[in-house]
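The residues making up each chain are set out below.
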Amino acid sequence: MEYITSIKEIGKFQKELGISSILSVDTETTGLDVWMDSLLLLQVKTYDETFVFDCEKLGENNISYIVSLIESSGKLVLFHNAKFDLKFLKQKTGVMIHNVYDTMLAEILIYQGVNGENKFPSLYQVVEKYCGVKLNKEVRESFYKDFKGVTQEQIIYAVEDVAYLEKVREKQLAEINRTKQEKVLELEMKLVPVVSDMELNGILLDKAVWLQLSDISKDNREKSSVDLYEKIWQDIISVSTQKTALELFDLLKVQVKTKKDKALFESITDLDTIKEYFLERFNLNSPSQIFALLTNIYGIKDLPSTNEKDLVKLVPKYPIIADIVSYRGLSKSVTSFGENYFEYINPATGRIHTTLNQLRADTGRFSSSSPNLQNIKRESEYRNAFVAEKGYKLISCDYSQQEYRLCGSITKEPAIIQAYKSGMDMHTMTASKVFHVEPYQVTKEQRNKAKGYNFGILYGANKFGLSYALGCTVDEADEIITAFFAGYPVLSKVKNMIVNLVWKNKYSSTLLGRKRFFENQTMFSDDKELQKYRRKLEKEGFNHVVQGSGADVTKLALCKIYYENPFGSDLKLVLTVHDEIICEAKEEIALQAKDFMIKCMEEVEQEFLGEIPALAEGRISSCWEH
DNA sequence: CATGAAAGCGCC
DNA sequence: AAAGGGCGCTTTCATG
């Protein structure tokens with residue numbers, strides 16, 4: 001072990017760097033915040049030596065030099081959870097490391113789908129699993145608490161953190177090869193610097209615009225609430241036979257917890273006073289109270305739930321339900337898309353830096369959290385609140401019907417292929433099949449309906465599920481499904497083949513070879529349970545093939561845009577939303593940048609589409625337009 | 001008072 | 001009897 005505190009001691013490191021083909025790297029920092037916290041140690045294991053660089057003693061310039069030596073060496077660099085270290089090193093030194101292997105991500109690929117709650121396997125876990133060694137966890141934490149200079153103990157354990165990564169990688173590669181995920185592994189590793197870059201870039205939110213939206217929603221929620229309480233109260237007094245406040249609260253499932261309250265409410269019989277307490281205690285946000293209200297006051301029988309889909313069916317008979325649904329929407333706007341977003345504006349950059357998890361979803365899709373920027377409301381007012389820096393533009397490009405094109409390519413269904421080749425799409429073709437008309441005769445309304453059929457049937461809805469989703473009868477849904485599969489005989493056949501294979505193999509595979517594994521459950525209480533489990537695997541498996549292939553395509557596109565970017569820092573990736581990629585670009589190059597993005601996206605998609613033409617569309621604006 | 005499950009709903 | 005895939009966030013409610 002070499003503990004390095006002066007740049008004069010760098011000679012041995014350079015020599016070791018030259019003769020090593022693989023490096024293992026880790027950092028110790030004062031905390032998790034890339035902008036607020038600082039680097040303490042940088043550990044680099046070469047072929048037969050481990051160097052511990054003291055970042056405080058060496059200073060930023062020297063650390064930058066060391067990191068640039070690593071990056072320019074082109075050697076493969078092993079990390080566990082590379083994104084964290086990459087972001088820190090890039091932020092502190094200006095250098096991004098690109099040729100990386102992440103033992104955490106590789107481990108997720110090996111267990112994709114069957115890792116249960118353990119979505120982020122720790123270094124401790126993989127080292128124990130593959131090397132039979134238990135690392136000391138406590139010392140790692142000592143960097144965060146009362147840090148006063150590096151201790152001998154900390155240095156020893158810092159070395160341990162990079163000691164086992166090569167062995168872990170070797171064993172993981174055997175599993176990756178066994179499951180034929182070499183291409184997916186390569187893609188995910190290439191993607192790590194891209195994702196790190198996107199998180200560091202962040203996106204700008206126009207506070208004033210957002211606040212205005214929030215205030216409007218708040219106002220409307222308040223009005224809606226007052227109005228709704230009054231209507232409900234009028235209906236209560238017209239039907240209720242309850243004598244006391246307590247009886248009413250029991251009926252409405254309003255919790256009365258203390259004995260004191262219980263006694264109080266039992267004694268209240270005056271209507272005006274009951275109303276006062278009703279306004280105070282009845283909670284419009286409580287599904288259980290709304291359920292009790294609809295059941296016990298409005299007399300609705302067999303209400304399956306109070307979710308929107310079940311409620312809207314009853315609007316014609318019970319107009320109050322429209323108000324409840326409307327209140328819910330406003331409440332959602334306020335609580336989920338309101339001032340809470342301001343907490344996520346980074347004080348150092350003034351931007352929102354979401355966390356993008358490249359392997360959190362079992363299908364291979366990205367997820368986004370803190371905040372989730374993949375579920376911003378589609379209403380243009382909300383997306384338009386995300387803006388470009390002065391002198392820049394936001395470029396949003398999305399794939400046109402990515403999953404339906406992939407579905408056509410995966411199943412080789414001639415009707416779908418023909419539709420896209422002739423400039424039509426699957427929705428129109430499905431409408432033609434289901435409504436038994438020629439494609440050119442399909443009306444807008446029919447096409448719209450067919451959209452719902454495509455989504456539902458493709459992802460495994462049966463006649464019951466489809467009738468529920470569409471709000472039609474089971475017989476009607478049955479007819480639609482029959483016409484769908486009769487119209488797409490090849491899709492029907494291939495889909496059956498795929499789901500049978502999923503059941504047999506207990507995994508599914510995307511076009512790039514990304515796997516989703518399923519538990520091999522063998523114990524079932526009865527045949528019904530077995531069939532239920534089989535249907536679940538078939539649905540999730542087929543969905544994975546399509547949705548996961550979509551994820552493959554978008555991830556390949558992100559890499560292509562990042563690695564082949566001819567505009568340097570004038571073009572930055574800022575976000576991805578499944579089939580959409582958003583960049584921020586200098587105004588002067590925005591037009592060319594959009595063309596470049598579209599070209600990258602279409603090229604990688606075309607590789608998977610065969611005869612079906614790839615298509616991506618883009619918009620340039622001072623804000624996020626979608 | 002903390003924690004976790006469940007319901008509900010925003011997006012693709 | 002039967003209820004479409006994938007997420008994350010907020011709220012309520014039960015539990016310890």
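The structure contained in this document is the topic of the report that follows. (Residues numbered from 1 in each chain as written. Chains lettered and ligands numbered in written order. Predicted model: local features only at pLDDT ≥ 70, side-chain atom pairs only at ≥ 80, totals over all residues. Heavy atoms only, no water.)

## Description of the sheet that holds strand β11 (residues 392-399)
Operational definition: By definition, two strands form a pair when at least two bridges between them are found by DSSP. Comment: elements are numbered from the N terminus, with helices defined as DSSP H or I runs of at least four residues and strands as E runs of at least two. The angle between two axes is taken between their N-to-C directions and runs from 0 to 180 degrees, where each axis is a line fitted to C-alpha atoms and a helix contributes only its stretch in contact.
Taken in spatial order, the 4 strands make up an open sheet running β14-β15-β11-β16, and their pairing is antiparallel. Lying at the two open borders of the sheet, with one neighbouring strand each, are β14 (571-576) and β16 (616-621). Neighbour to neighbour, the strand axes of the sheet diverge by 25 degrees on average, direction disregarded.

## Overview of the protein's contact with DNA strand C
Which entries qualify depends on this criterion: Note on definitions. A residue lies near a molecule or strand when any single heavy atom of the residue is within 4 Å of it. By the criterion applied in these results, polar contacts are pairs of N or O atoms within 3.5 Å in which, for protein atoms, one can donate a hydrogen and the other can accept it, and in which residues neighboring in sequence qualify only through two side-chain atoms.
With respect to spatial proximity, 36 residues lie near DNA strand C, and among them Gln255, Asn283, Ser286, Gly456 and Tyr468 are the closest. When the atoms of DNA strand C within 4 Å of the protein are grouped by moiety, sugar and phosphate amount to 68% of the total. A distance of 2.7 Å is found between a phosphate oxygen of DNA strand C and a side-chain nitrogen or oxygen belonging to asparagine 283. Within the residue set of the surface near DNA strand C, elements represented by two or more residues are α15 (287-297), α17 (320-336), β9 (367-369), α22 (444-458), α23 (463-470) and α26 (527-563). Of all the elements, α23 adds the most residues to the surface near DNA strand C, at 5 residues.

## Overview of the protein's contact with DNA strand B
Selection rule: Amino acids outside the nonpolar list (Ala, Val, Leu, Ile, Met, Phe, Trp, Tyr, Cys, Pro) and the charged list (Asp, Glu, Lys, Arg) are all regarded as polar, and Gly is one of them.
As a matter of local geometry, DNA strand B sits amid 20 residues, with Thr306, Lys332, Arg365, Arg378 and Asp579 nearest to it. Taking the atoms of DNA strand B that fall within 4 Å of the protein, sugar and phosphate contribute 82% of them. Contact between DNA strand B and threonine 306: a phosphate oxygen at 2.5 Å from a side-chain N or O atom of the residue. A distance of 3.1 Å separates a base nitrogen of DNA strand B from a polar side-chain atom of asparagine 375. The residue inventory of the surface near DNA strand B, partitioned by class, reads 4 nonpolar, 8 polar and 8 charged.

## Considering the packing of aromatic side chains
Ring pairs (aromatic) are described by centroid distance and by the angle formed between their planes. Stated precisely, the cut-off is as follows: Classification of ring pairs uses Phe, Tyr and Trp, with its six-membered ring standing for Trp, and accepts pairs whose centres are within 6.5 Å; under 30 degrees between planes counts as stacked, over 60 as edge-to-face, and the remaining range as tilted. Each residue is placed in one exposure class: buried if its accessible area under a 1.4 Å probe, protein chains only, is under 20% of its type's maximum, exposed if it is over 50%, and partly exposed if it falls in between.
Tallied over the entire structure, the rule returns 25 aromatic pairs. Each ring, one from phenylalanine 265 and one from tyrosine 277, has its centre 5.2 Å from the other, and the planes form 75 degrees; the classification is edge-to-face. Of this pair, phenylalanine 265 sits in helix α13 (residues 259-267) while tyrosine 277 sits in helix α14 (residues 271-281); the two residues are 12 residues apart in sequence, bridging distant segments of the chain. Judged by its relative accessible area of 0%, phenylalanine 265 is buried. Considering the side-chain rings of phenylalanine 435 and tyrosine 453, the 6.2 Å spacing of their centres and the 45 degrees angle between planes classify their relative orientation as tilted. Placement of the pair is phenylalanine 435 in the loop between α21 (426-434) and α22 and tyrosine 453 in helix α22, with a sequence separation of 18 residues.

## Some points on the side chain of arginine 405
The criterion, for reference: Charge assignment in this entry is limited to Lys and Arg as positive and Asp and Glu as negative, and neither His nor the chain termini are counted. Each reported salt bridge corresponds to a side-chain nitrogen of Lys or Arg within 4 Å of a carboxyl oxygen of Asp or Glu.
Note that arginine 405 resides in helix α19 (residues 402-411). There is no salt bridge for the buried arginine 405, and the closest opposite charge comes from glutamate 605, which lies 5.2 Å off by N-O distance. At a separation of 2.7 Å, a polar atom in the side chain of arginine 405 contacts the main-chain carbonyl oxygen of serine 400.

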